[in-house]
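Here is how the chains run, residue by residue.
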Amino acid sequence: MARRFCFQSVHSKYPMIRWGLFPFVRPAVAAMVGIAGYEAFCRAWPSAVASLSALAVGAAVLWAAAALGLGQGARHSRTLSSGGLLLTISALAALWAAVGDESRDARHLLHLAPGVRAWQGVVEEGTTRKATYFGTTARVWRVRRADGRWQPATGRVRLLIRREAGTAPLPYGTVVLVNGAFERIPPPPNPGQFDYAAYQRHRQTWHEQFVSAGRYVAVGRVALNPVVGWSLRVADNLAARLHRYVPGPREAGLLTALVLGLTDDLDADIKAAYGATGTTHVLAVSGLHIALVFGLVMYLLGGREWARRQPVWRWLTLAAVLLICWGYALITGLSASVLRAVVMASLVAVGRALGKRISLYNTLAVAALLLLMLDPHNLFNVGFQLSFLAVLSIGLIQPWLARRWQPEAWVPRQVWAGVTVAVAAQAGTFPLTMFYFHQLPTQFLIANLLAVPWSNGLLYASFLLLGLSAAADGLGAVGWPTDWPYAGAEWLGRALEAATAGLNYAMTAIGRLPGAVITAIALTPGQVVLLFGILITGLLWFRLAKRGWLLAAAALTALYVGARIDMLMATSRERGLIVYAVRRHAALGLLDGRRATVLADSAVWADSAAGLSGLRGNLLPHLWNRASAPLRWAPALAVGDSLRSAPPDVASRRLPDGNALLSWRGLQLLVLTRPLGVRPVADAGPLPVDVVLVRGRPRVAASALARAVACRWVVLDGSGPAGWARYRVEELRAAGFRCHDVGREGAFIRRVQ
């Protein structure tokens, strides 16, 4: 199997990659460049389809002209031919992304005029079950206007149904009639926060709507994709079996995530523990699971020498591999990492049936091309990026590491193989890990050496449990005795509970070790590119031992260090106030260079209040992105529970009416939590303040506020009801105040000198 890049010398000083051995690698990279180029530069063009079509035709003409000149032996014609082909592929990939962009349809929901009163559509995804709502996605067919007229439309709406009496999950294929208007998914309310709108946009979803009982009704069912419907039903049935035989809810939740990719019942603390140890791949069906299924089928059917010599048996093994692997992938949801793995497994199985040697890089490139053809937006899926980078880095780095030490004994050999795979995967993915998750686990090696074989055993045991359960139901259906399979399933379920609890305990203990995870990491996209550049040039230097690559790595390292220093210097000059958007709660930050003081009510610090994503999702990304350190927390101040923990540089004073006046670096902040009782002094006039921060829903009339204070801004912090805040903002703006509603407009930021 060709597992390493091969080089040839055109000139003795300049080794070159023999791309002929890897014909699909450059087209895959070209397709990615084209899709990324469309997203970055062409998505907003009204004429993008026509322009990209012209570019594709022009590139194809260039390619054809250069290819015709190859017969004359001109070296530049060969270069032009390769360049023209790659440019054609890039243009076609960008064109494919533009054609598949649903927002370009004139009937799309984005182009509808205001005034939608109701809509009808069909549920085209499975349902996710959260603590307070059921979530699914519906394809809109038509909308009803204010005049009662129905109008054809297209687009996807994220439908969130509150969990209350009278509501239930909507099955796949349900035709639903929804009363009320959908809304555009808002951008992230706080700087640096996860961009949920961009995430959904890459899934072709721009709108969402929260509904309660009586606001929607199921009016029928339609047959969409029977294969998808079957896979969703089977997944629900298997999840119910796991919950039936595994008593512990935490353990059953982890097993349904491990075996089926269903994370609805996964405990938040368990997610955090596995994230801190770099083992989150265990919590979802990934390429590792497909590899285990593939390996099991190949061992059972094609692992014997006589089986490999029989052509008929090889083709039967191929059919079984394709059927089982693709069936398992369908049941588990066909995520990007699963699709990548099942395509690669299929290609390897076909190669074995044909007796051919398969290149890792070619199969990886073919898998990437197929996934991008299926959906160009897969390129922006975090799972897609991490999955392909992990496999690529394992192929490039692991063989080199494995050759450093080759033990003869079986146990050290297996342990060393696990070490080299874990190190190689982490080396290729750590820039993206730090960029997306703002952390870097340091104990990933020992954690993976435990978690990977442990979870493999849990996976195989879960398969056996599901098989025993199905066998018991089948025997009972035909009237045969079912005592032994039920007893075996119950015993195995208790054993799985104990083993899963042990894995959870081990990962939690490792995650709590001192220095187990480095947090508060913030990288810009440019810095991520520089880190990958350092990684690639360093790898080339190790492979080729050429000083030029070492100099390139050193230059990129200098650029990265310079970018970090520039970010720190820019942060050190910043002074300001930020009122964060934390739904139904209050939090504000006083930013003094790299030092930050965060004032918030006590519920925010719990990091698990209902309806909140907590500090990590709301506040910390902004502070990490500005490299604020050290952070000083004041969990109970005037914006929250009391005044007793005011930081030394924040002067606070309780007013006679019970409200509070804060002063910081010349900035005056009046915090209103109750009706305003401040009266202007005849000689001094209204109380001068920079910002009036309104918490909750105090009874404050605009006329009374105008008489009592002279302020530059009135800020509603989002802790009050949305309807009340909307009415209050309209009233205050009508009275001439400059207002900012954090709940609707996102965080309020004000710079100070």
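Residues numbered from 1 in each chain as written. Predicted model: local features only at pLDDT ≥ 70, side-chain atom pairs only at ≥ 80, totals over all residues. Heavy atoms only, no water.

Digging into the overall build of the protein
Here is step 1: A count of helical and extended segments in the protein gives 24 helices and 26 strands.
Here is step 2: Relative to its full complement of 753 residues, the protein shows a buried share of 46%.
Here is step 3: For the protein, the share of sequence-separated contacts (at least 6 apart) that also reach a separation of at least 24 residues comes to 65%. (Helix = DSSP H or I, 4+ residues; strand = E, 2+ residues; numbered from the N terminus. Buried < 20%, exposed > 50% of the residue type's maximum accessible area, 1.4 Å probe, protein only. Contact = heavy atoms within 4.5 Å.)

Notes on the packing of aromatic side chains
Here is step 1: Within the structure shown, the criterion is met by 11 aromatic pairs.
Here is step 2: Considering the side-chain rings of phenylalanine 194 and tyrosine 199, the 6.1 Å spacing of their centres and the 50° angle between planes classify their relative orientation as tilted.
Here is step 3: Phenylalanine 194 sits in the exposed class, given a relative accessible area of 55%.
Here is step 4: Judged by centre distance (5.7 Å) and plane angle (90°), the ring pair of tyrosine 328 and phenylalanine 463 falls under edge-to-face. Linking tyrosine 328 in helix H10 (residues 311–331) with phenylalanine 463 in helix H15 (residues 444–477), this pair joins segments that are 135 residues apart in sequence.
Here is step 5: Through a chain of ring-to-ring contacts, three or more aromatic side chains come together here, namely Phe194, Tyr196 and Tyr199.
Here is step 6: Just above the ring of tryptophan 150 sits the side chain of arginine 142; from NZ or CZ to the centre is 4.1 Å. (Phe/Tyr/Trp six-rings, centres within 6.5 Å; stacked < 30°, edge-to-face > 60°. Lys NZ or Arg CZ within 6 Å of the ring centre and 35° of its normal.)

Digging into the nonpolar core
Here is step 1: Counting 70 residues, the largest nonpolar core has Tyr274, Leu465 and Met507 as its most contacted members.
Here is step 2: Discounting residues that sit within four places of it in the chain, methionine 507 has contacts with Ala273, Tyr274, Thr277, Thr279, Ala447, Leu450 and Ala451.
Here is step 3: Formed by 22 residues, the second largest nonpolar core is a distinct cluster that contains Leu670, Val692, Val694 and Ala725. (Core = buried A, V, L, I, M, F, W, Y, C linked by side-chain atoms within 4.5 Å.)

Digging into the environment of threonine 571
Here is step 1: Structurally, threonine 571 can be placed in helix H18 (residues 547–572).
Here is step 2: The spatial distance from the C-alpha of threonine 571 to the C-alpha of arginine 594 is 6.0 Å, given a sequence separation of 23 residues.
Here is step 3: Setting aside residues up to four positions removed in sequence, threonine 571 forms contacts with Gly593, Arg594 and Arg626.

Thoughts on the confidence of the model for the protein
Close inspection of predicted coordinates is inappropriate for parts of the model with low pLDDT.
Here is step 1: On average, residues of the protein score 84 in pLDDT, and 89% of them reach the 70 mark or higher.
Here is step 2: Note that pLDDT drops below 50 for residues 608–612; the model gives that stretch eight contacts with residues more than four away or on any other chain.
Here is step 3: Taken together, the stretch residues 635–644 has pLDDT below 50 and engages in 33 contacts with residues farther than four places along the chain or on a different chain. (pLDDT = per-residue confidence, 0-100.)

Here we look at a nonpolar patch on the surface
Here is step 1: On the surface, a cluster of nonpolar side chains totalling about 310 Å² of accessible area is made up of Leu55, Leu62, Leu80 and Leu87.
Here is step 2: Broken down by secondary-structure element, the contributors of at least two residues to the nonpolar patch are helix H2 (48–68) and helix H3 (75–99).
Here is step 3: Here leucine 55 is to be found in helix H2. (Patch = residues over 30% accessible without salt bridge, like charges linked within 9 Å, V, L, I, M, F, W, Y side chains within 5 Å. Areas by Shrake-Rupley, 256 points an atom, 1.4 Å probe, with all protein chains shown as cover. Salt bridge = Lys/Arg side-chain N within 4 Å of Asp/Glu carboxyl O.)

Thoughts on the sheet that holds strand E18 (residues 651–654)
Here is step 1: Strand order in the open sheet formed by six strands is E18-E19-E20-E22-E24-E25, with mixed pairing between adjacent strands. Of all strands in the sheet, those bounded by a partner on one side alone are E18 and strand E25 (739–741). When the angles between neighbouring strand axes are averaged without regard to direction, this sheet yields 20°.
Here is step 2: Pairing of strand E19 (residues 660–664) with strand E20 (residues 667–672), which is carried by five bridges, proceeds in the antiparallel orientation. (Pairing = 2+ DSSP bridges. Axes fitted to C-alpha atoms, helices over the stretch in contact; angles between N-to-C directions.)

Remarks on the packing of helix H14 (residues 410–437) against H15
To describe two helices that pack against each other, one gives the angle between their axes and the distance between the axes.
Here is step 1: Between H14 and H15, the least distance of the axes is 10 Å, while the angle of their chain directions is 125°. Taken together, the axes of H14 and H15 lie oblique to each other. For the pair H14 and H15, the crossing hand works out as right-handed. Contact residues: H14 offers Val415, Gly418, Val419, Ala422, Val423 and Gln426, while H15 offers Phe444, Leu445, Asn448 and Leu449.
Here is step 2: Among the residues forming the contact of H14 with H15, the class breakdown is seven nonpolar, three polar and no charged. (Parallel < 35°, antiparallel > 145°, perpendicular 65-115°, else oblique. Left-handed = near helix turned anticlockwise from the far one by under 90°. Nonpolar A, V, L, I, M, F, W, Y, C, P; charged D, E, K, R; others polar.)

Some words on the packing of helix H5 (residues 226–245) against H15
Here is step 1: H15 packs onto H5 with a crossing angle of 95° between their chain directions and a minimal axis gap of 10 Å. Taken together, the axes of H5 and H15 are roughly perpendicular relative to one another. Residue-level contacts link Leu238, Arg241, Leu242, Arg244 and Tyr245 of H5 to Ser462, Leu465, Leu466, Ser469, Ala470 and Asp473 of H15.
Here is step 2: Residue composition of the contact of H5 with H15, by class: six nonpolar, two polar and three charged.

A few points about the pairing of strand E5 (residues 133–145)
Here is step 1: For strand E3 (residues 116–123) and E5, the ladder comprises seven bridges, and the chain directions are antiparallel. Bridge pairing links tryptophan 119 to valine 143 in E5.
Here is step 2: Both strand E4 (residues 128–129) and E5 contribute to a ladder of two bridges, which runs antiparallel. Counted as the bridge partner of threonine 128 is glycine 135 from E5.
Here is step 3: Connecting E4 to the antiparallel partner E5 that follows it, the hairpin turn spans three residues.
Here is step 4: The sheet contact formed by E5 and strand E7 (residues 156–162) spans seven bridges and is antiparallel. Considered in E7, the bridge of phenylalanine 134 is made with isoleucine 161.
Here is step 5: Strand direction decides the pairing type here: E5 and strand E6 (residues 150–152), joined by three bridges, are antiparallel.

Structural notes on the pattern of salt bridges
Here is step 1: With the rule as written, the count across this model stands at 20 salt bridges.
Here is step 2: As a salt-bridge pair, glutamate 731 and arginine 728 come within 2.2 Å of each other at their nearest N and O atoms. Linking glutamate 731 with arginine 728, this pair stays in helix H23 (residues 722–734), spanning three residues, or about one helical turn.
Here is step 3: What emerges from the salt-bridge pattern is a single network uniting Glu102, Glu124, Glu125, Arg139, Arg156, Arg158 and Arg203.

Thoughts on H10
Here is step 1: Under the 1.5 Å per step criterion, the end-to-end length of H10 is 30 Å for 21 residues, consistent within 8% with the ideal 30 Å.
Here is step 2: Immediately beyond the C-terminal end of H10, within one or two residues, lies glycine 333, with a positive phi of roughly 105°. (Expected span 1.5 Å × (residues − 1).)

Quick word on the side chain of serine 231
Here is step 1: Along the chain, serine 231 turns up in helix H5.
Here is step 2: Looking at serine 231, the relative accessible area reads 5%, which means it is buried.

Regarding the environment of arginine 575
Here is step 1: Position of arginine 575 among the secondary structure elements: in strand E14 (residues 575–579).
Here is step 2: When sequence neighbours within four positions are dropped, the list of residues in contact with arginine 575 reads Leu591, Asp592, Gly593, Arg750, Arg751 and Val752.
Here is step 3: Looking at arginine 575, its side chain comes within polar contact range of the main-chain oxygen of serine 572, at 2.8 Å.
Here is step 4: Within the structure, arginine 575 has its side chain in polar contact with the side chain of aspartate 592 (distance 2.6 Å). (Polar contact = N/O pair within 3.5 Å; in protein donor to acceptor, adjacent residues only side chain to side chain.)

Digging into unusual backbone geometry
Here is step 1: Even without being a glycine, alanine 545 presents a positive backbone phi close to 55°.
Here is step 2: Mapped onto the elements, alanine 545 comes out in the loop between helix H17 (525–544) and H18.
Here is step 3: The exposure class of alanine 545 is exposed, given its relative accessible area of 61%.
Here is step 4: Of note in this structure, arginine 665 is not a glycine but carries a positive phi near 50°.
Here is step 5: With respect to the secondary-structure elements, arginine 665 resides in the loop between E19 and E20.

Here we look at the state of the cysteines
Here is step 1: Tallying each qualifying case throughout the model produces zero disulfides.
Here is step 2: Of all cysteine sulfurs in the structure, the one in cysteine 739 sits closest to cysteine 711, which takes part in no disulfide; the separation is 8.0 Å. (Disulfide = S-S within 2.5 Å.)

A few points about helix H7 (residues 268–276)
What sets the pattern is the α-helix's 3.6 residues per turn: residues three or four places apart point alike.
Here is step 1: For H7, the complete set of buried residues consists of Ile270, Ala273, Tyr274, Gly275 and Ala276.
Here is step 2: Considering only its buried residues, H7 is in contact with helix H6 (249–260), strand E12 (440–441), helix H16 (483–511) and strand E13 (517–518).
Here is step 3: Where H7 terminates, the next one or two residues include glycine 278, which has phi positive at roughly 70°.

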